[in-house]
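Results of the structural survey
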Amino acid sequence: MAATVASQPRSSKTESYIDNKRKEDIRHANIVAARAVADAVRTSLGPKGMDKMISTASGEIIITNDGATILNKMEVLQPAAKMLVELSKAQDSAAGDGTTTVVVIAGALLKQCLLLLSHGIHPTVISDSLHKASVKAVDVLTAMSVPVELSDRDSLNKSASTSLNSKVVSQYSTLLAPLAVDAVLSVVDPAKPNMVDLRDVKIVKKLGGTVDDTELVKGLVFDKKVRHAAGGPTRVENSKIAVIQFQISPPKTDIEQSILVNDYTQMDRILKEERNYILGMIKKIKATGCNVLLIQKSILRDAVTDLSLHYLAKAKILVIKDVERDEIEFITKTLNCLPIANIEHFRAEKLGYADLVEEVSLGDGKIVKITGIKDMGRTTTVLVRGSNQLVLDEAERSLHDALCVVRCLVGKRFLIAGGGAPEIELSRQLGAWAKVLHGMEGYCVRSFAEALEVIPYTLSENAGLNPITIVTELRNRHAQGEINSGINVRKGQITNILEENVVQPLLVSTSAITLATECVRMILKIDDIVTVR
Amino acid sequence: MLQIDRIFKDEASEEKGERARMASFVGAMAIADLVKTTLGPKGMDKILQSTGRGQSVTVTNDGATILKSLHIDNPAAKVLVDISKVQDDEVGDGTTSVVVLAGELLREAEKLVAAKIHPMTIISGFRMAAECARDALLHKVVDNKADAEEFKSDLMKIAMTTLSSKILSQDKEHFAQLAVDAVMRLKGSTNLEAIQIIKKPGGSLKDSFLDEGFILDKKIGLGQPKRIEDAKILVANTAMDTDKVKIYGARVRVDSMSKVAEIEGAEKEKMREKVQKIMAHGINCFVNRQLIYNFPEELFADAGILAIEHADFDGIERLALVTGGEIASTFDNPESVKIGRCKLIEEIMIGEDKLIHFSGVEFGHACTIVLRGASHHVLDEAERSLHDALCVLSQTVNDSRVLFGGGWPEMVMAKEVDELAKKTPGKKSHAIEAFSRALLAIPTTIADNAGLDSAELISQLRAEHHKEGCTAGIDVISGSVGDMSQLGISESFKVKQAVLLSATEAAEMILRVDEIITCAPRRREDRM
């Protein structure tokens, strides 16, 4: 077989694509697997979407509506399906919300691609057209968006509650949405107005009560009991707080040591020395005026012993132990103090000041609250309550989504309508654009436009409405120029969605489109799966 | 005469003559066919699914990466994997082309062997042909070294051509610019170590950027300055917990608690001394490969020194290189330790993560490329693609000879080799003709992968090339024969030369084989 006739002569010079059977099979298998993943989360989209119960291998049970969490817990083996899981993770880190949407869009795009491939269009042509379409889509979305100011709390609240409405905790959205807005706005650094580090918002979960009891604490909350022997304080006003990274217990060297005891008197002496040693430490602490100690966790030795607790109680010092090393940065930032690693360095200027440190009983447990911190850093704490662990976990995830939504708005200050309005508008405009394009491209862009209708379709389907009626009416309204018409799930009809206060950040929509397209393009370009070491 | 049953040990085997040759051919061609579909701007990607732990998944278009990770048992196939690896190390790009060309040469050779031409005759024909092809290329090269502007635009073209077959193709202009800028900073050195690539998930590929200086993916210790101007940096690899007596079973015996406290105090004191010695270097930034514990961290914070702990090995090596410092592990002689310098250290945020940025470093041509992308798959592939482009560019900076791309060099070579075949008497001419056919396989594959009518295109191209000074090649985008100089598709001469020579060499080596002896695997002793 000569190289020049490596393949059968073909009739035309068009971009018609003839591929061998095996490659077609692999591409087909990939698309089918990826779509199966997308279908699995489809029903959880939208305010009337259903939740999934996940039972992990370790017997833990999770109930969630969050696409990223569902996919994360699914043990997917097929490589292409794994890419969809990655996709939802990427959306989670880029925008924080819309993790279900992105997967559903990718699934719909893949469905259209399958059709295009069966028409014999070359995968790279499809891939390029999809890219063009997504760039255009972002332009359209940006043109539709409404600018928002951070001072406009109303709009921020609206978008946070849109995100919360699809969750288990939706009935609490009126409470959680302003809370999320407050939390994010309080950590925005005036020097860098476009940056929000969500690590500055700490979420503390405590079982008991209901989600209603969730509150924003200007200060610190520890899910720990105060360590105290009889008579120790549990409430300290005008507190001076030290964060220490050493332990108040008998000395221990890094090198192995053993104490030889020869007789009875020596034992007595050792006990006395131990007492003196601890007393000496506590005196030094007391001398600086410190009355609250936060002790970092150590795996090598006990943070406190009964003996030191006794003395600390006498010195009226409140002790919280086992603070994780990771948290030290957050704590010191909040308290505006410095950690102290050695008793010799214990000086007053390293302490933090707060009006009140107190132990509060909550349900069956206790927590410690530090409030009224002087010169508080830009951090905040949210105390989440819930009647059971499942609700609590879901509430935390939902709150995280809401926080992300607000963060998106801080980064990119544009809002866009929700309720399927942007998708149907995209579909309409891209459909019109496809008509002016030439060749395969136009064909592919039209498919892209059609694929986007999956969002309003699924929204209405999940809400128990007739998807075909709804989608066609929606299309009709948009064709008449009402670009903000969307599905009002509560009323079960089409209304101006901006008036219904259903809004979402622009970033969520744009990143969903671009990320989904990128992922689909990658899956399309694969023609073989090779097993390797 | 006694019949000798076997001269080999159990489980050792040998294959002779026709069978051996057949096994080599089949193996090599199978490998070539595997990567064939990734060639060219419309080549496809492969999923590499690991059977090891974690079942990790890689999506790639890079020939070297695919071949490197394969399970291969066939000896001839291993030779091809090796040449692709060498190509990757030497010039960085063309890893797929070299394997495809070698595969095609063997395919042609197989037919000649079937026609009873001696392998040695084929080899000498191939050699002549390769020599002639190389000369043909040498005649056609363009060298724009003298003209800086032209040269830079050549570099851009090469980078774009390399990137167009990769995942970065959509944003190839952006990345070509990045790669060219990075390589131009190197000022002719091929030390790609100085270009650091950091991958951060999130954002899109377009958000990737080039940054002068160095970025370390670590956090600054607590209570320490977040910004230092005119920094003096000590890079170290030392344990910052207490210096222990490292003898097994060493322990102290004491008879009272206060003595334990004393020892503890002494340990702390030793640490303090060590920190003081470090500070005595007159530094204001300390980077350690190992952990810095709370106690020394506080001491550093008190002295206003920025201390970075647990910088990975790669990180500190590079940091030492770019800041011009040395990695220290003892601190007794401050004057003998070279201290790194840079103008500014500050904390920056990329995506959600905080990183430490060293700018205005001593080693002026160092820079960092921060890649952003949707997922790890995308980022990994983007890194591989960018690496290819960087390699090719840095080679081109040294050897500025440039050729057109899009199958143009192959057509030029094929034409010259055909001429040679006509002039050469004897059986060799068959081999030379075969060589020219193998060369044509590359443009054919590019066209096939793009779903174009290769037979039609190649014949058109050949007709075009019959004219003198032709610059025609395959324009994959429009699916026709196009002018490569107008389309700005260029390739580095060095890459093409390496592809040609190493493919010929590999084919020659496999062709010489007439017997494969598989040794018996060494048995593990049964441990009872």
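Basis of the calculations
- Residues numbered from 1 in each chain as written.
- Chains lettered and ligands numbered in written order.
- Predicted model: local features only at pLDDT ≥ 70, side-chain atom pairs only at ≥ 80, totals over all residues.
- Heavy atoms only, no water.
- UniProt positions renumbered as here; feature names shortened; annotations may be inferred.
- Helix = DSSP H or I, 4+ residues; strand = E, 2+ residues; numbered from the N terminus.
- Rg over C-alpha atoms; globule rule 2.2 N^0.38 Å.
- Contact = heavy atoms within 4.5 Å.
- Buried < 20%, exposed > 50% of the residue type's maximum accessible area, 1.4 Å probe, protein only.
- Pairing = 2+ DSSP bridges.
- Axes fitted to C-alpha atoms, helices over the stretch in contact; angles between N-to-C directions.
- Salt bridge = Lys/Arg side-chain N within 4 Å of Asp/Glu carboxyl O.
- Buried area = accessible area lost by both parts, 1.4 Å probe.
- Polar contact = N/O pair within 3.5 Å; in protein donor to acceptor, adjacent residues only side chain to side chain.
- pLDDT = per-residue confidence, 0-100.
- Core = buried A, V, L, I, M, F, W, Y, C linked by side-chain atoms within 4.5 Å.
- Phe/Tyr/Trp six-rings, centres within 6.5 Å; stacked < 30°, edge-to-face > 60°.
- Lys NZ or Arg CZ within 6 Å of the ring centre and 35° of its normal.
- Parallel < 35°, antiparallel > 145°, perpendicular 65-115°, else oblique.
- Left-handed = near helix turned anticlockwise from the far one by under 90°.
- Nonpolar A, V, L, I, M, F, W, Y, C, P; charged D, E, K, R; others polar.
- Expected span 1.5 Å × (residues − 1).

The name an unreviewed UniProt entry assigns to chain B is T-complex protein 1 subunit beta, from the organism Quillaja saponaria. UniProt's Sequence similarities (unreviewed entry) comment on chain B is quoted here verbatim: "Belongs to the TCP-1 chaperonin family." Its UniProt record gives chain B the following Subcellular location (unreviewed entry) comment, quoted word for word: "Cytoplasm".

Per an unreviewed UniProt entry, chain A goes by the name T-complex protein 1 subunit delta and belongs to Quillaja saponaria. One UniProt comment on chain A, placed under Function (unreviewed entry), says "Molecular chaperone; assists the folding of proteins upon ATP hydrolysis. Known to play a role, in vitro, in the folding of actin and tubulin." Under the UniProt heading Sequence similarities (unreviewed entry), the entry covering chain A gives this text: "Belongs to the TCP-1 chaperonin family."

**Regarding the overall build of chain A**
Helix and strand counts for chain A stand at 16 helices and 19 strands. For 533 residues, the compact-globule formula gives about 24 Å, and the C-alpha radius of gyration of chain A, at 30 Å, lies well above that figure. Seen through its C-alpha atoms, chain A measures out along the principal axes to roughly 105 × 65 × 40 Å. A separation threshold of at least 6 residues defines the contact pool for chain A, and within that pool the share at least 24 residues apart is 78%.

**Some words on the environment of D197 of chain A**
Residues and elements named next belong to chain A. On the secondary structure map, D197 appears in the loop between α7 (173-187) and β4 (201-207). By relative accessible area, D197 is classed as buried at 11%. Sequence-wise, D197 and V187 are ten residues apart; in three dimensions their C-alpha atoms are separated by 7.8 Å.

**Considerations on the pairing of strand β13 (residues 340-350) of chain B**
Residues and elements named next belong to chain B. In the sheet, strand β8 (residues 227-236) pairs with β13 via six bridges, with the strands oriented antiparallel. Residue pairing across strands places A231 opposite C342, the latter belonging to β13. Judged from the eight bridges that link them, β13 and strand β14 (residues 353-361) form a sheet pairing that is antiparallel. Each bridged residue has a counterpart across the sheet, and for C342 the counterpart in β14 is V361.

**Side note on unusual backbone geometry**
Residues and elements named next belong to chain A. Even without a glycine there, the phi angle at K316 is positive, about 60°. In this fold, K316 is placed in the loop between α9 (306-314) and β10 (318-323). Phi is positive for N336, close to 60°, though the residue is something other than glycine. You can see N336 is positioned in the loop between α10 (325-335) and β11 (339-340).

**Here we look at helix α14 (residues 454-462) of chain A**
All names here are of chain A. Taking burial as the measure, the nine residues of α14 include seven buried ones, the bulk of the element. Considered for burial, the residues of α14 that qualify are V454, I455, P456, T458, L459, S460 and N462. Note on α14: the residue one or two positions beyond its end, G464, has a positive phi of about 80°.

**A few points about the sheet that holds strand β3 (residues 57-60) of chain B**
The strand order across the open sheet built from three strands is β19(A)-β2(B)-β3(B), with neighbouring strands paired in mixed fashion. At either margin of the open sheet sits one strand with a lone partner, and together these are β19 (526-532) of chain A together with β3 of chain B. Across the sheet, the mean angle separating the axes of adjacent strands is 20° when strand polarity is ignored. With six bridges connecting them, β19 of chain A and strand β2 (residues 45-50) of chain B associate as parallel partners. Within the sheet, the bridge partner assigned to V530 of chain A lies in β2 of chain B and is L48 of chain B.

**Examining the pattern of salt bridges**
In the structure shown here, the tally under the stated rule is 38 salt bridges over all chains. Between R446 of chain A and E450 of chain A there is a salt bridge; the shortest N-O distance is 3.7 Å. Of this pair, R446 of chain A and E450 of chain A both sit in helix α13 (residues 439-452), four residues apart, roughly one helical turn. Looking at E450 of chain A, the relative accessible area reads 41%, which means it is partly exposed. Here E508 of chain B and R127 of chain B are joined by a salt bridge, their closest N and O atoms 2.9 Å apart. Of this pair, E508 of chain B sits in helix α16 (residues 493-512) while R127 of chain B sits in helix α5 (residues 119-140); the two residues are 381 residues apart in sequence, bridging distant segments of the chain. Linked by salt bridges that have partners in common, D33, K36, E104 and R107 of chain B make up one network.

**Describing the sheet that holds strand β6 (residues 209-212) of chain B**
Residues and elements named next belong to chain B. Across the sheet, which stays open at both edges, the three strands sit in the order β5-β15-β6 with mixed pairing between neighbours. At either margin of the open sheet sits one strand with a lone partner, and together these are β5 (195-201) and β6. Direction aside, neighbouring strands of the sheet carry axes that sit 25° apart on average. Across seven bridges, β5 lies against strand β15 (residues 367-373) in parallel orientation. Counted as the bridge partner of Q196 is T368 from β15. Sitting on the sheet, helix α11 (residues 376-398) touches β5 and β15, and the angle it makes with β5 is about 160°.

**Side note on the interface of chain A and chain B**
The interface of chain A with chain B comprises 80 residues on the first partner and 88 residues on the second. Buried area between chain A and chain B, both sides added, is near 7,500 Å², and the carbon and sulfur share of it is 53%. The tally of links from chain A across to chain B stands at two salt bridges. Of the charged contacts, one joins K46 of chain B and D527 of chain A as a salt bridge, the two residues approaching to 3.1 Å between their closest N and O atoms. Remark: the boundary between chain A and chain B carries six residue pairs in polar contact (both at pLDDT 80 or more).

**Some words on the confidence of the model for chain A**
Detailed reading of predicted coordinates is not advised where the pLDDT is low. All names here are of chain A. For chain A, the mean per-residue pLDDT works out to 82, and 94% of the residues sit at or above 70. Of all secondary-structure elements in chain A, the lowest mean pLDDT belongs to strand β8 (residues 256-259), at 73, while helix α4 (residues 99-118) reaches the highest, 91. Across residues 1-19 the pLDDT falls below 50, and counting only partners more than four positions away or on other chains, this stretch makes 42 contacts in the model.

**Some thoughts on the nonpolar core**
Formed by 207 residues in total, the largest nonpolar core has its most connected members in I345 and F358 of chain B. Tallying contributions element by element places α4 of chain A first for this core, with eleven residues. With residues near it in sequence (within four places) discarded, F358 of chain B still touches E212, G213, F214, L216, I233, C285, I308, L319, C342, L344 and I345 of chain B. By size, the runner-up hydrophobic cluster in this structure holds 33 residues, among which are V169, L392, V406 and L409 of chain A.

**Side note on the packing of aromatic side chains**
On inspection of all chains with the given rule, the structure shows three aromatic pairs over all chains. Considering the side-chain rings of F126 of chain B and F435 of chain B, the 5.6 Å spacing of their centres and the 65° angle between planes classify their relative orientation as edge-to-face. With a gap of 309 residues between them, F126 of chain B in helix α5 and F435 of chain B in helix α13 (residues 428-449) connect regions that are remote in the sequence. Accessibility assignment for this pair places F126 of chain B and F435 of chain B in one class, buried. Note on F404 of chain B and W408 of chain B: the rings are 5.1 Å apart at their centroids and 90° apart in plane angle, and the pair reads as edge-to-face. You can call F404 of chain B buried: its relative accessible area is 19%. Here W408 of chain B falls in the buried class, since its relative accessible area comes to 2%. If you follow K202 of chain A out to its NZ or CZ, it ends over the ring of F222 of chain A, 5.3 Å from the centre.

**Section: the packing of α13 of chain B against helix α14 (residues 454-465) of chain B**
Residues and elements named next belong to chain B. Running from N to C, α13 and α14 cross one another at 135°; their axes reach a closest spacing of 9 Å. Viewed along their axes, α13 and α14 adopt a mutual orientation that is oblique. The interaxial crossing formed by α13 with α14 has right-handed handedness. Along the contact surface, α13 presents L440, P443, T444, A447 and D448, while α14 presents S454, L457, I458 and R462. For the contact of α13 with α14, the residue count by class is five nonpolar, two polar and two charged.

**Description of α5 of chain B**
Residues and elements named next belong to chain B. Spanning 22 residues, α5 covers 32 Å between terminal C-alpha atoms, matching the ideal 32 Å at 1.5 Å per step. Along α5, the positions that sit buried rather than exposed are P119, I122, I123, G125, F126, A129, A130, C132, A133, A136 and L137. Taken together, the buried residues of α5 touch α1 (17-36), α4 (95-114), β16 (401-404), α12 (408-423), α13 and α16.

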